[in-house]
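Residue strings, one per chain:
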Amino acid sequence: MGITPLHKWIPNLKKPLVIAGPCSAETREQMLQTAKELVQIEDVRIFRAGIWKPRTRPNSFEGVGEEGLKWLKEVKEQTGLLTSTEVANAGHVELALKHDVDILWIGARTSVNPFSVQEIADVLKGTDIPVMVKNPINADLALWQGAIERMMGAGITKLAAIHRGFSTFEKSKYRNNPIWRIPMELKLLMPDLPIICDPSHITGDRSLVQYVCQKAMDIDMDGVMIETHPTPDQAWSDAAQQVTPKSLAEIIQNLNVRTEFTTDRNFSAELEDLRKNIDRIDNEILEALSMRTNIVERIAEAKHKNNITALQVHRMDQLMNNRISSGVKIGLREKFIKEIYNVIHEDSVKTQNEIMNAKENE
Ligand code: PEP
Ligand code: MN
């Protein structure tokens, strides 16, 4: 069984699909007020709200529980929006099904655990409910793919992946590092799987949500999930990243969305599309090279401190063999890898020498 395309389970779908609603269901009034404002925004098709909140540390708000499912149902009845919530175990799934939630999602702290994912898959067998699988908190593509495969194994075909970034120990401007390469690779492995970006949990900061949404559109993701609250600063969870319905409308309006992929495109349109892809990938390569150069500079400083020369032949041999074997495994020609790494390595030695010489003359 394959994957059912998004437009078959979301009527009159337009790109991007927008999923919006609070991080957590707090009160009936908060839910209904949010939903009534959201339904005015054309692209918003799915209402989200966490009923059971997986918290990293105890003693924070852990969700309103079953009562919130009744509010979710009222949202559906009063606005016609599809509803969705997070499930983390079999009991949650049973209650969500009982209260007619339209779409379930598996959170990042659950998709990380194959036992929990399998437990959810087992209880979903025989249902036809759509499931969205968030990436696991750690940057492990196979684990994410595995969780999706477990859903497919249970006969779920209405599937989507949600990219919410990956937890890293090092500080960065993001709450969760997007590592865009990972969802892009998932798309290559599962081309029919819709991917939705969750800029709220990636950024942890409402001022960056627009920027990350645009990045998601630039790599042709299918939609966005954005946490929305009538008074974000008063939210009981994830206050800093939630936006008001009004800001959400602006964010969506400002998005520059790539044109639809149609079957009757002529040659030049197709070429243009492919070239845009090449441009995007080249930018990724340049960003990666710039990150590599930053590390080379740090190595130069460490070598200088320890009186070691910039060029170490042994390391170069090791690096080259290693890169050739990795590159060949993913279909690159050996000669091509050799040429690229000769140039990269040459530049790296040059950079190191320049830094070390400058330090000598300090
Ligand atoms: C959420 O969507 O509110 C949530 C808890 O997200 P995640 O599982 O991505 O941390
Ligand atoms: Mn949240």
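That block above? That's the structure.
Predicted model only: the values in this text are computed from it and were never measured.

Okay, the pattern of salt bridges next. Scanning all chains against the criterion turns up 18 salt bridges. For Asp100, the salt bridge is made with Lys73, and the minimal N-O distance between the two is 3.1 Å. With Asp100 in the loop between α4 (90-98) and β4 (103-106) and Lys73 in helix α3 (residues 67-79), this pair connects stretches of sequence that are 27 residues apart. With its nearest N and O atoms 3.2 Å apart, the salt bridge here joins Glu339 to Lys335. In this pair, Glu339 and Lys335 are both assigned in helix α14 (residues 334-360), 4 residues apart and thus about one turn of the helix distant. Under the relative-accessibility criterion, Glu339 is labelled partly exposed at 43%. Relative accessible area serves as the criterion here: at 56%, Lys335 is assigned to the exposed category. If you follow the salt bridges from partner to partner, you end up with Arg28, Glu29 and Glu74 in one network.

Together, Ile281, Ile285, Leu286 and Leu289 line one region of the surface with nonpolar side chains, adding up to about 340 Å² of accessible area. Mapped onto the fold, Ile281 is located in helix α12 (residues 267-305). The class of Ile281 is partly exposed, set by a relative accessible area of 40%.

Around the manganese ion (ligand 2), the protein supplies Cys23 (SG), His201 (NE2), Glu227 (OE) and Asp238 (OD) as donor atoms, at distances of 2.1 to 2.4 Å. Sequence spacing among the residues donating to the manganese ion (ligand 2) works out to C-x177-H-x25-E-x10-D. Taken as a pair, Glu227 in strand β8 (residues 223-227) and Asp238 in the loop between β8 and α11 (245-254) lie far apart in primary sequence, 11 residues in all. With respect to burial, Glu227 and Asp238 carry one shared label: buried.

The rules behind the values
- Residues numbered from 1 in each chain as written.
- Chains lettered and ligands numbered in written order.
- Predicted model: local features only at pLDDT ≥ 70, side-chain atom pairs only at ≥ 80, totals over all residues.
- Heavy atoms only, no water.
- Salt bridge = Lys/Arg side-chain N within 4 Å of Asp/Glu carboxyl O.
- Helix = DSSP H or I, 4+ residues; strand = E, 2+ residues; numbered from the N terminus.
- Buried < 20%, exposed > 50% of the residue type's maximum accessible area, 1.4 Å probe, protein only.
- Patch = residues over 30% accessible without salt bridge, like charges linked within 9 Å, V, L, I, M, F, W, Y side chains within 5 Å.
- Areas by Shrake-Rupley, 256 points an atom, 1.4 Å probe, with all protein chains shown as cover.
- Donors = N, O, S within 2.8 Å, 3.2 Å for Na, K, Ca; no water.

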